[in-house]
Amino acid sequence: MSQRITIDHRQSTGIAPPAVTEPKTGLRHPEKAHRPDNPIQRKPAWIRVKAPNHPVYHETRKLMRDSNLVTVCEEAACPNIGECWSQRHATMMIMGEICTRACAFCNVTTGLPKALDDDEPRRVADAVAKLGLRHVVITSVDRDDLADGGARHFARVINAIRDASPSTTIEILTPDFMRKDGALEIVVEARPDVFNHNIETVPRLYPTIRPGARYYQSLRLLDGVKRLDPSIFTKSGLMLGLGEERLEVWQVMDDFRVADVDFLTLGQYLQPTPKHAAVAEFVTPKSFESYAKTARVKGFLQVSASPLTRSSYHADSDFAQLRAARNSRLKDIT
């Protein structure tokens with residue numbers, strides 16, 4: 001059985017806690033335990049990152065612990081956690097740390113979630129104010145168990161942040177709200193500055209990579225945001241390296257433009273454990289640059305494409321550029 005050594009940022013003490021020998025998939029991902037192992041490949045030099053060691057990283061981590069908040073940075077084992085937390089940029093994951101979906105790429109725990117925490121919006125807002133964030137990203141697990149998919153909770157978090165830190169711009173990264181009538185309208189009415197929902201991969205790979213989701217549901221969600229409120233920026237992204245073809249990625253870009261998606265992110269898929277989907281290819285930085293050029297030609301206001309790009313990576317500076325790009329385009333029209 002393949003093994004690897006990982007550093008678990010969720011441990012409560014120290015920057016380099018005792019190494020954890022993988023796989024422990026049976027504990028964190030019981031639904032994947034029966035799957036055959038996919039050996040984890042050695043990463044190329046262009047996507048290796050240093051262990052976090054900045055003092056501000058520890059400050060951010062302590063604040064998350066003291067506020068009893070969950071972050072997708074930790075739950076999804078993001079490679080950029082050291083850089084982002086050293087700049088006080090943490091992406092908070094609301095509605096618990098247990099997801100009702102079992103996507104083949106995701107490191108978030110699958111199972112039956114706990115009841116919503118009514119005090120969570122206040123704690124999130126307090127943390128945003130203490131960190132002094134200009135821009136914050138709020139994401140969540142999928143909550144198929146809730147009648148509204150967690151839409152009202154998203155709205156409460158947005159409103160709490162606005163009350164506690166009025167100058168902070170708010171970006172949300174939501175589930176697809178599949179079969180949750182009226183959920184999208186609830187979230188849009190709260191008027192986040194950016195509405196992000198990730199397509200994740202090309203339609204052909206959905207049955208194996210994202211089996212609990214539907215490509216066109218995700219596309220309709222993004223289109224629906226613009227139909228309800230065209231002033232809200234929309235954003236979506238794909239992971240590359242799962243076996244997609246270049247023409248398929250271009251087709252997704254075209255689908256995004258039909259839905260008037262403003263911001264596209266493209267990043268390299270990294271396999272969390274041997275029980276997750278295997279990496280089919282480590283896409284080179286040159287290929288990412290090529291994809292970015294194509295996306296800009298297709299008319300996206302903002303494009304972020306690199307091996308280490310993630311939905312919330314550099315989200316604050318990207319938002320400033322996104323807003324500037326829209327203003328520039330409006331000036332050109334008038």
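One can find the structure itself at the top, above this paragraph.
These remarks concern the structure in this document. This structure is a prediction, so every number in the text was calculated from the model and none was measured.

### Let's talk about unusual backbone geometry
Glycine aside, negative phi is the norm for most residues, and most peptide bonds take the trans geometry. Phi is positive for Arg179, which is not a glycine, with a value near 60 degrees. Along the polypeptide, Arg179 turns up in the loop between strand S7 (169–173) and helix H7 (183–189). On the basis of relative accessibility, which here comes to 71%, the residue Arg179 falls in the exposed class.

### Describing the environment of Phe105
Mapped onto the elements, Phe105 comes out in the loop between strand S4 (98–99) and strand S5 (109–110). For Phe105, a relative accessible area of 13% corresponds to the buried category. In the structure, Phe105 is positioned 134 residues away from Met239 in sequence and 9.4 Å away in space, judged by C-alpha atoms. Those residues in contact with Phe105, other than ones at most four positions away along the chain, are Glu200, Ile209, Arg210, Met239, Tyr269, Pro272 and His276.

### Quick look at the pattern of salt bridges
A pair can form between side chains of opposite charge whenever their charged atoms are brought close. All told, the structure shown has 18 salt bridges when counted by the stated rule. Note that Glu171 and Lys235 form a salt bridge whose closest N and O atoms lie 2.7 Å from each other. Pair noted here: Glu171 is in strand S7 and Lys235 is in strand S9 (residues 233–240), with a separation of 64 residues, a long-range link. Across the salt bridge formed by Asp254 and Lys298, the nearest N and O atoms sit 2.7 Å from each other. Here Asp254, found in helix H10 (residues 246–258), pairs with Lys298, found in helix H11 (residues 285–298); they are 44 residues apart in sequence, far enough to count as distant. Each member of the salt-bridge network shares a partner with another, and the members are Asp117, Asp119, Arg122, Arg123 and Asp126.

### What about the packing of aromatic side chains?
Under the definition given, this model contains four aromatic pairs. Ring centres of Tyr206 and Tyr215 lie 5.8 Å apart, and the angle between their planes is 90 degrees; this geometry places the pair in the edge-to-face category. For the pair Tyr206 and Tyr215, one class covers both residues: buried. The structure contains a cluster of three or more aromatic residues connected by ring pairs, namely Tyr206, Tyr215 and Tyr216. For Arg246, the ring lying beneath its charged end belongs to Tyr291, and the centroid distance is 4.3 Å.

Each value, and the rule that gives it
- Numbering of residues starts from 1 in each chain and follows the order in which that chain's sequence is written.
- Only residues with pLDDT of at least 70 get local features here, since the model is predicted, and only at 80 or more are side-chain atom pairs given and counted; chain-wide, interface and lining totals rely on the full set of residues.
- Each side-chain value is worked out from all heavy atoms of the structure, with water and hydrogens disregarded.
- Counting from the N terminus, the helices are the DSSP runs of H or I reaching at least four residues and the strands are the DSSP runs of E reaching at least two.
- Using a 1.4 Å probe on the protein chains alone, a residue whose accessible area is under 20% of its type maximum counts as buried, one over 50% counts as exposed, and one in between counts as partly exposed.
- By the convention used here, residues are in contact when the closest approach between their heavy atoms is within 4.5 Å.
- Note on definitions: salt bridges are taken to be side-chain nitrogens of Lys or Arg within 4 Å of carboxyl oxygens of Asp or Glu.
- The rule is short: rings of Phe, Tyr and Trp, with Trp giving its six-membered ring, pair when the centres are within 6.5 Å, and they are stacked under 30 degrees, edge-to-face over 60, tilted in between.
- Only lysine NZ and arginine CZ atoms are considered, and such an atom sits over a ring when it is within 6 Å of the ring centre and within 35 degrees of the ring normal.

Treat this as a map of the structure, not an account of what it does.
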